[in-house]
Amino acid sequence: MSLFIPYKDMWDMPLGGMSDEKQVPHWFGNAVYVVVGGLCKLLFRYRVDGRQNLRAFHNECGVLVVCNHTSFLDVAFIYLAARTKQWVRIIGRDTLFGNANGLLGQILSRVGAFPIKRDSADRVAIKRAARMLKNREIVGILPEGTRRGKGNLEPKLHSGAAFIARMGKAPILPMTVRDAEYVKQKGSRVHFPKITVEYSTPILLSDFDFLPKDERLDACSWYAMRECFALSRRIPAAEVDMVELFPDSKDYANTFAEHPIPKHTSEEVVALYKAQMSPRVQIAEVAEAQA
């Protein structure tokens with residue numbers, strides 16, 4: 001049992017996946033799941049829909065989980081929904097890790113999280129995430145960067161999620177944490193709504209190759225976030241008003257209406273991934289993830 005590990009060291013240790021290197025100790029994450037998971041089950045009676053879409057990737061392929069951001073509880077439910085079989089390496093803003101004299105950084109790192117610098121092209125974080133995906137781990141990201149409707153910052157739509165998926169040679173899996181925003185609203189007391197976590201079907205970056213090369217990542221990220229909001233609002237994706245949500249971003253609604261992106265099951269994506277990976281390439285990928 002490892003009690004004292006510099007949290008910066010844990011950012012580059014595997015958690016799940018195929019690497020035979022020493023992993024982030026599991027005992028703390030398991031304890032967090034029991035305590036926090038038990039409280040959330042009691043208080044919010046949460047359930048997980050579509051979890052089979054995530055389970056299909058277990059030890060088969062890395063996957064980048066993306067989620068819209070409405071509540072401070074989103075991160076907790078992204079983590080809880082994957083357990084006990086899988087771990088999610090959540091990307092968090094770097095300023096969190098130094099809070100409470102580094103205690104929060106120790107806690108976050110022990111459950112697999114690692115930092116990224118907000119509003120910058122953080123190459124270290126991107127390479128770290130890509131390495132995890134190549135090691136067949138799960139990486140979780142909240143692309144909006146801040147909670148919608150909370151604070152002074154406006155959520156923005158970046159291509160970073162698609163870029164990480166491309167670097168890590170992994171599909172994207174949209175998800176949502178529904179109704180967590182009602183736990184605490186400005187000017188009201190704390191409520192305990194029933195919360196639902198829901199996963200959609202995976203997205204392949206190659207399906208966006210019909211677009212100009214310089215637009216593919218932006219379009220893929222736009223499409224993935226539209227899927228998240230469709231889950232959140234329980235409406236068809238075509239009915240999500242992305243102009244209202246992201247007024248400063250290009251609107252791809254007409255593009256995808258004219259050229260629908262095919263739907264894939266997670267099993268189909270895993271089979272495709274395995275078919276493209278010869279044994280020699282698989283060994284090279286694991287070696288690269290360990291480097």
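Residues numbered from 1 in each chain as written. Predicted model: local features only at pLDDT ≥ 70, side-chain atom pairs only at ≥ 80, totals over all residues. Heavy atoms only, no water.

Peer 1: Help me out: how do you make sense of the pattern of salt bridges in this one?
Peer 2: Between side chains of opposite charge, pairing is possible as soon as their charged atoms come close. Inspection of every chain in the model, using the stated rule, returns nine salt bridges. Among the ionic pairs, Asp-12 bridges to Arg-131, the shortest N-O distance being 2.5 Å. With Asp-12 in the loop between α1 (7-10) and α2 (26-44) and Arg-131 in helix α6 (residues 123-134), the pair connects residues that are 119 residues apart, well separated along the chain. Lys-274 is the partner of Glu-60 in a salt bridge, and the nearest nitrogen-oxygen pair spans 3.3 Å. With Glu-60 in the loop between α3 (52-55) and β2 (63-67) and Lys-274 in helix α11 (residues 266-276), this pair connects stretches of sequence that are 214 residues apart. (Salt bridge = Lys/Arg side-chain N within 4 Å of Asp/Glu carboxyl O. Helix = DSSP H or I, 4+ residues; strand = E, 2+ residues; numbered from the N terminus.)

Peer 1: Is there a simple way to think about the packing of helix α7 (residues 160-168) against helix α8 (residues 216-233) in this case?
Peer 2: Relative orientation and spacing of two packed helices are given, respectively, by the angle between their axes and the distance between those axes. Axis separation between α7 and α8 bottoms out at 7 Å; the angle between their running directions is 110°. As judged from the angle between their axes, α7 and α8 are roughly perpendicular. As for the relative orientation of α7 and α8, their crossing is right-handed in sense. In contact with Gly-160, Ala-161, Ala-162, Phe-163 and Arg-166 of α7, α8 contributes Leu-217, Cys-220 and Ser-221. (Axes fitted to C-alpha atoms, helices over the stretch in contact; angles between N-to-C directions. Parallel < 35°, antiparallel > 145°, perpendicular 65-115°, else oblique. Left-handed = near helix turned anticlockwise from the far one by under 90°. Contact = heavy atoms within 4.5 Å.)

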